[in-house]
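# Descriptive structure summary
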Amino acid sequence: MDHKKLIFIVILATFALITALFIRYQTLGSLELSTLDLRFQLRDVQPVDDSPIVLVTIDDYSFSALPDRWPWPRSYYAHAIRNLKKAGARVVGVDVIFDKPDNYGLEKDSLFAAAIRAAGNVVLARKLDQDERIKTYQTMTDPIPLLANEARSGLVSIPADPDGIYRRYLPAQYFDNAFRPSFVVELIRKYHGIADDVTPEFEETHFRFGDMQIPSYENTSMLINYAGPAGTFPQYSFVHLVDDDSLVLADSLDENTFSEHLLPDEVFKDKIVIIGSTASELHDDFPTPFLGSGAAALETAGAEVLANATRTILNSNYYHRLPFGTTLAIVLILYILVIWIAYRYSALMSIMFTMATVAVYILVQFILFARANIVMEMVFPVTTLFGGFVAISLYQYVLTRREKQRILGAFQHYVPAKVVAELIKHPEKLTLGGEERFMTVLFSDVANFTSISEAMDTTALVKLINEYLSEMTDIILKYDGIIDKYEGDAIMAEFGAPIFYEEHALNACLAALDMQTRLKELSRNWRRQGRPVLTCRTGINSGNMAVGNMGSKAVFDYTVLGDEVNLASRLEGANKVYGTRNMISEATCKLVESEMITRPLDLIVVKGKRKPVKCFELIARKSEKLHDLKARVLPLYMDGISYYEDRQWEKAIGYFRNALQLMPDDGPSKVYLLRSEEFLKNPPPEDWDGVYQMQSK
């Protein structure tokens, strides 16, 4: 399958899988809710100084100060409402359920009802009781009729999210075939003077209440825009609202009894006053998004939760959830971008890009939340982006392993281990299809192999040639050469590919010298074993040649092509003419002359070519001491060559004979002695350029 198609399938499959898991199971829901809390906390506390909402708390201080035990006589609330009316409160909401007659008698209920009627601005609390077995509301708990007839009542039920945190508020709840207004909506009704016959109606995406639209965040609930943690709204103890002329207080409260001089001026004037419990004994507190922030890390009283919901509606400061389809489209774009970067660039760059994308996405979510009141999914997009990165990384890992295995399989038997390691690390260095490169090629062949093979049985021949090729191959690999191919007893090797290095010519020459040394050692062993002795010849040339994978799409070899390759092969064969073992071209000689001892052999034109090539014998490393005879022969040979090129045949003959007296088997001296003697008898033409025309390969 085409890589692009496979990548496309991987993208769609992983994206579809993650999306399906998210939609079907909501596995990330709790974590998403936690990020919503974090957004509230990082947004920090919002000022409520200009808010018309004040809390009067039934607190521990009130419990210890008032003489009666809880539940208090309702005359307390009557006094509080009268005093709030006197202080100019615009609306008074009492977050206490008065569903049973006062334990202190009907007179107390009558006093409370009269105070409510006189104030005309009171909202009482009611609640829906839920059947825990089927999680539906079954019964309504209302104030007693005496009180319910004097004031409107609103639902104080607050839904908890699956993790137990109270983030949402229900402006109305459906019960008995109609939406029943909440406590907060009734406070808003009184505050804005909305008629009693106006009821909230749910219209697909929002509640409509008079001229107000309360947007839905989830189902029929809104997200409360919490101003801050517990204690954000101004609070005054219930004790301070009780008139001491009508109620005897505990001795400790004598100096703190209600007086318009003991509370700040106009603290309740034109305000929405919510009376509710903060006493630890009543347990009317709830965990909110700010639970865990700040030093106190307290749960928030139910009355303050209602205050936050009231403030949200009064200010029309709602949070809006971006449609999931929009979020999905944004995530898909980012997902494809992450996949593309991960596929095109290095692992480090793709990791950095993915991390940066996620970081920017998260930062944008916090900014949208704090500045534009927009809530977007955070966990699902982040996990999807990381999931995409992991998916393409795994895909690339599989492809990389496959590529490494392919490279390893293609090169491990004829390329040095460190070259294989480098190719695996940087496969891009292996240019498929071929490239031109300046490098060195070596050809090696066993002398008289045909005669040797004819005299041996097949099994012995195979064993001998395998032993020979193994030893020679190890030496070539040692010098970072690669085996191009074996042809019977012949070896073709390249230096400087597939990983280029500057010392390719030197390494080829070192390999050739070591091959001759090792072959001599092998021959001594073979001679003792009664096996044939082998000699080999090498030809080395450096130049520009095409290197790469050559062949068909199905079958190909990593090889080199070009005239420079052919020249190396011809030089190997030319050794037969001069009786030498290692012959190198002038191009190679120039590259190694500072390291190698060489001597000029000839200016030859190989078969099939017209341009003459100067060739040299590769003798030894300059760092090694030459054999005494060889050291004495070389100067004689060089003097002989000088006279030969100067057409002084007799002097040349003298030097070549002297060289052969010291070393009778010196092949080049033999060749030039015969030529000099021939030219002495039959001198070449005046335009003779010293070029020798090769008649065979």
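## Digging into the overall build of the chain
Scanning the chain for helices and strands turns up 20 helices and 27 strands. Every one of the 697 residues in the chain was classed for burial, and the buried ones make up 49%. Considering only contacts within the chain whose residues lie at least 6 apart along the sequence, 72% involve residues at least 24 apart. Entry remark: accessible area of the chain is about 34300 Å², with carbon and sulfur atoms responsible for 54%.

## Thoughts on the layout of surface pockets
Reported here for the largest pocket is a volume of approximately 790 Å³. As for the largest pocket, its lining consists of 25 residues, and the residues nearest its centre are Lys520, Arg581, Glu617, Ile619 and Lys630. Those elements that provide at least two residues to the lining of the largest pocket are α15 (504–528), β26 (613–621), α18 (628–645) and α20 (667–681).

## Here we look at the pattern of salt bridges
Any two side chains of opposite charge can pair, given that their charged atoms come close. A complete count under the given rule lists 29 salt bridges for this structure. The partner of Lys485 in a salt bridge is Asp484, with the nearest N and O atoms 2.6 Å apart. By relative accessible area, which is 27% here, Lys485 ends up partly exposed. For the salt bridge of Asp666 with Lys630, the shortest nitrogen-to-oxygen distance reads 3.9 Å. Taken together, the residues Asp666 in the loop between α19 (649–662) and α20 and Lys630 in helix α18 connect sequence positions 36 residues apart. Each member of the pair, Asp666 as well as Lys630, carries the same accessibility label: buried. Via salt bridges that share partners, Asp37, Asp161, Asp163, Arg167 and Arg168 belong to a single interconnected network.

## Regarding the packing of aromatic side chains
We describe a pair of aromatic rings using the distance from one ring centre to the other and the angle between the two ring planes. Overall, the coordinates contain 31 aromatic pairs when judged by the stated rule. Note on Phe40 and Tyr319: the rings are 5.6 Å apart at their centroids and 80 degrees apart in plane angle, and the pair reads as edge-to-face. In this pair, Phe40 is assigned in helix α2 (residues 29–43) and Tyr319 in the loop between α8 (302–314) and β17 (320–321), connecting sequence segments 279 residues apart. Take Phe40: its relative accessible area is 0%, and that puts it in the buried class. A residue is classified by how much of its surface remains accessible, and Tyr319, at 2% relative accessible area, is buried. One aromatic cluster in this structure is built from Phe63, Trp70, Trp72, Tyr76, Tyr77, Phe98, Phe112 and Phe238. Cation over ring: Arg90 sits above Tyr191, and NZ or CZ is 4.3 Å from the ring centre. The lysine or arginine in question, Arg675, covers the ring of Tyr672, its NZ or CZ lying 5.2 Å from the ring centre.

## A few points about the state of the cysteines
Under the defined criterion, the tally for this structure stands at 0 disulfides. You can see Cys589 has no disulfide; the closest cysteine sulfur is in Cys509, sitting 8.3 Å from it. Classification of Cys589 by relative accessible area gives buried; the value is 7%.

## Let's talk about the sheet that holds strand β11 (residues 212–215)
In space, the 3 strands of this open sheet follow the order β9-β10-β11, with antiparallel pairing throughout. A strand with exactly one partner marks an edge of an open sheet, and here the two such strands are β9 (201–202) and β11. Where strand β10 (residues 206–209) and β11 come together, 4 bridges link them in antiparallel fashion. When the sheet's bridge partners are listed, Phe209 is paired in β11 with Met212.

## Structural notes on the packing of α18 against α20
The geometry of α18 relative to α20 is characterised by a closest axis approach of 11 Å and an angle of 30 degrees between their N-to-C directions. If you check the angle between α18 and α20, you find them roughly parallel. Viewed along their axes, α18 and α20 form a crossing whose handedness is left-handed. Contacts between α18 and α20 pair Tyr637, Ile641 and Tyr644 from the former with Pro668, Ser669, Tyr672, Arg675, Ser676 and Phe679 from the latter. The class makeup of the residues in the contact of α18 with α20 is 6 nonpolar, 2 polar and 1 charged.

## Re helix α16 (residues 563–578)
An α-helix turns once every 3.6 residues. As a result, residues three or four positions apart point the same way. Under the 1.5 Å per step criterion, the end-to-end length of α16 is 22 Å for 16 residues, consistent within 8% with the ideal 22 Å. The sharpest bend along α16 comes to roughly 25 degrees, located at Glu572. For α16, the complete set of buried residues consists of Val565, Leu567, Ala568, Arg570, Leu571, Glu572, Gly573, Ala574, Asn575 and Tyr578. Taken from the residues just after α16, Gly579 is the one with a positive phi, measuring 65 degrees.

## Section: the environment of Ser350
Following the sequence through the fold, Ser350 ends up in helix α10 (residues 347–372). Along the primary structure Ser350 and Trp340 are separated by 10 residues, whereas in three dimensions their C-alpha atoms are 9.1 Å apart. Apart from the residues within four sequence positions on either side, Ser350 is in contact with Ile341, Ala342 and Phe389.

## Focus on the confidence of the model for the chain
Confidence along the chain averages 85 in pLDDT terms, with 84% of residues attaining 70 or more. Every residue in residues 244–262 scores below 50 in pLDDT, and together they form 29 contacts with partners more than four places removed in sequence or on other chains.

## Structural notes on the side chain of Asn225
With respect to the helices and strands, the residue Asn225 is situated in the loop between β12 (222–223) and β13 (235–237). Given a relative accessible area of 0%, Asn225 falls into the buried group. Those residues in contact with Asn225, other than ones at most four positions away along the chain, are Phe40, Arg43, Gln46, Asn308, Arg311, Thr312, Asn317, Tyr319 and Asn373.

## Describing the packing of helix α9 (residues 324–344) against α10
Their axes nearest at 9 Å, the elements α9 and α10 cross at an angle of 160 degrees. Between α9 and α10, the angle is such that the two are roughly antiparallel. Considering the relative orientation of α9 and α10, their crossing is right-handed. Packed against α9, whose contacting residues are Thr327, Ile330, Leu334, Leu337, Val338, Ile341 and Ala342, the element α10 presents Ser350, Phe353, Thr354, Thr357 and Tyr361 at the interface. In the contact of α9 with α10, the residues fall into 8 nonpolar, 4 polar and no charged.

## Looking at unusual backbone geometry
Here the residue pair Trp70 and Pro71 is connected by a cis peptide bond, since its omega of 0 degrees sits within 30 degrees of zero. Relative to the assigned elements, Pro71 resides in the loop between α3 (60–65) and α4 (74–86). In this structure, Pro498 follows Ala497 across a cis peptide bond, with omega equal to -5 degrees. Looking at where Pro498 falls in the secondary structure, it is placed in the loop between β21 (490–495) and α15. Phi is positive for Asp44, which is not a glycine, with a value near 80 degrees. You will see that Arg647, though not glycine, has its phi angle at about 65 degrees, which is positive. Summarising the element assignment, Arg647 is placed in the loop between α18 and α19.

Thresholds applied
- Residues numbered from 1 in each chain as written.
- Predicted model: local features only at pLDDT ≥ 70, side-chain atom pairs only at ≥ 80, totals over all residues.
- Heavy atoms only, no water.
- Helix = DSSP H or I, 4+ residues; strand = E, 2+ residues; numbered from the N terminus.
- Buried < 20%, exposed > 50% of the residue type's maximum accessible area, 1.4 Å probe, protein only.
- Contact = heavy atoms within 4.5 Å.
- Areas by Shrake-Rupley, 256 points an atom, 1.4 Å probe, with all protein chains shown as cover.
- 1 Å grid on protein atoms, 1.4 Å probe; cavity = no way out; pocket = protein on both sides within 12 Å on 5 of 7 lines; lining within 4 Å.
- Points joined across faces, edges and corners; volume = space filled by probe spheres on them.
- Salt bridge = Lys/Arg side-chain N within 4 Å of Asp/Glu carboxyl O.
- Phe/Tyr/Trp six-rings, centres within 6.5 Å; stacked < 30°, edge-to-face > 60°.
- Lys NZ or Arg CZ within 6 Å of the ring centre and 35° of its normal.
- Disulfide = S-S within 2.5 Å.
- Pairing = 2+ DSSP bridges.
- Axes fitted to C-alpha atoms, helices over the stretch in contact; angles between N-to-C directions.
- Parallel < 35°, antiparallel > 145°, perpendicular 65-115°, else oblique.
- Left-handed = near helix turned anticlockwise from the far one by under 90°.
- Nonpolar A, V, L, I, M, F, W, Y, C, P; charged D, E, K, R; others polar.
- Expected span 1.5 Å × (residues − 1).
- Bend = angle between axes of the 7 residues up to and from the residue.
- pLDDT = per-residue confidence, 0-100.

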